[in-house]
Amino acid sequence: MKDDKALLVQRGQNPGKGSWQIPGGYVEADEDIGEAVLRECWEEAGIKARVVDVLGFRHAIGGGIGGPNTNIYVVFRLEAEEGNDEPRCDGDEISAAGYFTLDEIEHMLRAQSLSKWAIQRALECGEGLVQAHRSSDISRPGWALFGVPLPEGVEQVALQPRPASVPAQPPQSLPPGSAEAKSS
């Protein structure tokens, strides 16, 4: 977002060649989601930005444009870093980029509806979900929680790392005589 305008890119390749959308892409297996969204914004539009908050997410059941997998698309609100707000495109994956008002976007051919939804949210809603916790446990790199901001003066409860003696996965079967086994 910049001055009540949203950054859109025009896809230069299929799927969706010629459509306008907010910058985005896939998170790499070893990448933090916040870092991934900043990388995608840089790669697709040449904009260095900072994460403000999360506006929402879309859950898509498999079989769509992205292939047979179910996916979750997390929509972040970003702000361009000062002095780095002129979009550029690579002319291949992305054929054009620019900032547009919601009214301009409404009149564009092939503007993605999810992008319009996200831009309206960014312009009309208050704060979204913010990163509330990021794990410092090296066995769980990139583990983070996002949530509604707490009211001023309310302190976040501390999250304790899982002790090494507690398995990451529950046992495959419950031992005979356990409380869960009795209640079945």
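Provided above is the structure to which this section pertains.
Residues numbered from 1 in each chain as written. Predicted model: local features only at pLDDT ≥ 70, side-chain atom pairs only at ≥ 80, totals over all residues. Heavy atoms only, no water.

Novice: I'd like a description of the packing of aromatic side chains, backed by residues and values.
Specialist: Under the counting rule described, the total for this entry stands at 2 aromatic pairs. Measuring from ring centre to ring centre gives 5.4 Å for W20 and F100, while their planes differ by 75°; the resulting arrangement is edge-to-face. Taken as a pair, W20 in strand β2 (residues 20–21) and F100 in strand β5 (residues 94–100) lie far apart in primary sequence, 80 residues in all. Between F76 and F146, the ring centres sit 6.1 Å apart and the planes meet at 85°, which makes this aromatic pair edge-to-face. Residue F76 is located in strand β4 (residues 71–80), and its partner F146 is located in strand β7 (residues 144–147); the two are separated by 70 residues in the primary sequence. Its relative accessible area of 12% is what places F76 among the buried residues. Lying across the ring of W42, R88 places its NZ or CZ 5.0 Å from the centre. (Phe/Tyr/Trp six-rings, centres within 6.5 Å; stacked < 30°, edge-to-face > 60°. Helix = DSSP H or I, 4+ residues; strand = E, 2+ residues; numbered from the N terminus. Buried < 20%, exposed > 50% of the residue type's maximum accessible area, 1.4 Å probe, protein only. Lys NZ or Arg CZ within 6 Å of the ring centre and 35° of its normal.)

Novice: Go over unusual backbone geometry, please, and point to the residues and values.
Specialist: Cis peptide bonds are those with omega within 30 degrees of zero, and the linkage from N14 to P15 qualifies with 5°. Residue placement: P15 occurs in the loop between β1 (6–11) and β2. Positive phi, normally seen in glycine, also occurs at D3, with a value near 50°. On the secondary structure map, D3 appears in the segment before β1. Non-glycine residue D4 carries a positive phi angle of around 60°. Mapped onto the secondary structure, D4 falls in the segment before β1.

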